[in-house]
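Spelled out from the first residue to the last, the chains are:
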Amino acid sequence: MSIDLSIITNYGPQLLLGFWMTIKIVVGAIILGMPFGLVLALGRRSRLAIIRFFATSFIEVFRNTPFIIQVFMLFYVLPFYGLHLPAEYVGVVALAAFGSAYFAEVIRGGIDAVAKGQLESARATGMSDWQAMRYIILPQTLPIILPAMTNQTLSLVKESAILSTITVGELTMAAITVQGETFRPFEAFIMVALLYWALNETLAIIMRRVERKVSRRTSSSSRAKVVRAAPAATEG
Amino acid sequence: MAAGSETKHNFLEMTEIRKSFGDMTVLHDVSLSVSQGEVICIIGPSGCGKSTFLRTANWLTPADGGEVRLAGELVGGVPDARSVSTQTKELNALRARVGMVFQNFNVWPHLSVLENVVCPQMVVAKRRRGEAEKQALAALAEVGLDDKKSEWPDNLSGGQKQRLAIARVLAMDPVLVLMDEPTSALDPELVSGVLNVLKRLAQKGMTMIIVTHELGFASSVADRVVFMEEGRIVEEGAPDVILQTPKTERLKLFLEKLNITAFKPNSDSAGHPTMDSGS
Amino acid sequence: MKFDISYTFDALPRLFEGSLVTLTLALLGFAFSVVLATIVTVARTASKSRILAYSVAIYISFIRGTPLLVQIFLVFYVLPIVGINIGPMSAGILALTLNSAAFVIEILRGGLASVPQGQFEAARSLGLSGFALWVKVVLPQTFMASIPPLVNEFTQVLKATALLSTITVVELMRVSQQIYSNNYHPVEVLTGAFVMYFLMCFAVSRSASLLESKFEVKRA
């Protein structure tokens, strides 16, 4: 098997357009999906059983079915009820819904990881449930959930490839088009694979930097705790 | 209604508070009334329900029976006919005036020392930042932490954290402060710094209910000591009476167990350095 | 248009057959990936070869950094070019195996780390070495510690099988597409398939979380 590098020069711009579409779709899905994930996470803690039920059901259904069938369902269901959207929009909505279920579970885990006394002390000052969440619990949740949120974001990048099946012109679609025109599948698919890989590695590196920055305070404090505990133990 | 005149004497009125966790009843219809300016210390063996009782006073732990009134206003009661949302709103407003200090401090690690004190003032009391900061600095000075205002709570000692928690409460201008074993989680050398702050508060006439194991502190500060065991108030009265001449066998046993049979009321700070050596 | 549930019911027998294919694909892909991952884990740990360690690390990074769909296309389209004609079904299982193995290697690494060093020493002192050491002492403990995440990984493979519809493997997703391209009722038919996927995945992931809590109790 010989490798035909001319595909890179001939079809590079086409692939880059697809790459750009992938980035736009993922960004759109994050902008929609993260706030909705927060709503779902808070919904699971609601006092009202009906809200808890809907939030839990949404999360479980989207986590326990393949993304590709969610995409097809949405692709056919929306026109079924008279809503005709371009495929890219359907793709963003599908990816956001899928992502929100996973984001919700991460956020819920983060909220549970904040010490119970924090909520209590906030409520004791007279804060409402929502104020306690907004000012005391969620700011402490952020550094805890950042690594897992990064992982979920990376998985959205990968899942977005599936949107090629409903003809969204993203990166994988571009590769399918190129291989259809050139009959050089290896070059086409390995090139997009490398692009995905590079995008994910770049995102991962950036997010690790952000994580370090955000957790610097917490880690320095936990170090301080260890240092402080030692002399106390010997004195006691 | 006669209730109006009653409230002058009974600033906080807790009536027949009952509470169970699962099959275990931890409070058997406990009642307590507190006058304005009174300092009450609740003592008793661990698991006697004293912390739970304190936490029903601001309905942080809702009781299964009985009611709590503050200056005649209903804090919480069972059954409560009001809708959940109005109840919650009024309860939050009431809690803003009732401070609570926890055993584990529960300072907020993501906010600086100053912001810990400023935050509830702005969020709950709706004060402007300037006023909130002024109040916060005064409260921090009161507990001796004004030089730590830009520190992160995690860099404070346990005693400093607890004093920060007290400042957070004071800045809200509370009419009543509830304290749940405020010194039990502290290293011994840090206890007296916190107790000194509490003593000053008592002298200023703050109404306080303090769950504590520090009997020396109780005897020197409390107007009344309440001894609880197995979810009931067994004995209550003036500290020297309660601690010197216990009437019931159970209180006697409790005091003996704490190994303070040779207890003298004026030696409360013996064994503790007077300064918070952690600061 | 109205949702006509009779189309869902009419499709059920064929969808059920599709589910069986889906389960078979998932079980085969997962089983092979566990075998492959075990071999890689033992080889990597026992040989201490730098080159092998780096290759495995790059392999895992590539698999985790690229979409499964692209990996499936690579396997499906590239194998015939190099002269291997194994058909979509086998190519699909191979792609699932290669993908899942990367994740299983990571799971086994965690499980292996939980085996105390003393176990190796004790086994060696009894004269066990090489193959016997791994098969009789280390691997059983590694797998015991890895059961909950492995069950989780199985749900991932189960969901991933749906992607094989894109390379014409006739599993649940593909069956439903075949049905609605004849009767033009995609919403009704897909709903049937959707429910079937949910029941399968939910059953497995529920058992995974049950296992997890059981294991936590054991450890505590």
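Residues numbered from 1 in each chain as written. Chains lettered and ligands numbered in written order. Predicted model: local features only at pLDDT ≥ 70, side-chain atom pairs only at ≥ 80, totals over all residues. Heavy atoms only, no water.

The name an unreviewed UniProt entry gives chain C is L-cystine transport system permease protein TcyB, with Roseibium album as the organism.

The name recorded for chain A in an unreviewed UniProt entry is Inner membrane amino-acid ABC transporter permease protein YecS, from Roseibium album. Under the heading Sequence similarities (unreviewed entry), UniProt records this for chain A: "Belongs to the binding-protein-dependent transport system permease family. HisMQ subfamily." Heading Function (unreviewed entry) of the UniProt record for chain A holds this comment: "Part of the binding-protein-dependent transport system for glutamine; probably responsible for the translocation of the substrate across the membrane." (UniProt positions renumbered as here; feature names shortened; annotations may be inferred.)

Undergrad: So what's going on with the interface of chain A and chain B? Which residues, and what values?
TA: Between chain A and chain B, the contact holds 23 residues from the first and 31 residues from the second. Together, the buried faces of chain A and chain B total about 2,200 Å²; carbon and sulfur atoms form 55% of this surface. Where chain A packs against chain B, one counts 1 salt bridge. The residue R55 of chain B makes a salt bridge to E120 of chain A at a minimum N-O spacing of 2.2 Å. Across the contact surface, chain A and chain B share 9 residue pairs in polar contact (both at pLDDT 80 or more). Taken together, the residues that form the side of chain A that touches chain B break down as 8 nonpolar, 9 polar and 6 charged. (Contact = heavy atoms within 4.5 Å. Buried area = accessible area lost by both parts, 1.4 Å probe. Salt bridge = Lys/Arg side-chain N within 4 Å of Asp/Glu carboxyl O. Polar contact = N/O pair within 3.5 Å; in protein donor to acceptor, adjacent residues only side chain to side chain. Nonpolar A, V, L, I, M, F, W, Y, C, P; charged D, E, K, R; others polar.)

Undergrad: A description of unusual backbone geometry should follow, citing residues and the corresponding values.
TA: One non-glycine residue, T167 of chain A, lies in the positive phi region at around 65°. Mapped onto the elements, T167 of chain A comes out in the loop between α6 (129-159) and α7 (171-182). T167 of chain A gets classed as exposed once you look at its relative accessible area, which sits at 53%. Positive phi is not limited to glycine here, since E181 of chain B has a value of about 45°. Its place among the elements puts E181 of chain B in the loop between β7 (176-180) and α7 (191-203). (Helix = DSSP H or I, 4+ residues; strand = E, 2+ residues; numbered from the N terminus. Buried < 20%, exposed > 50% of the residue type's maximum accessible area, 1.4 Å probe, protein only.)

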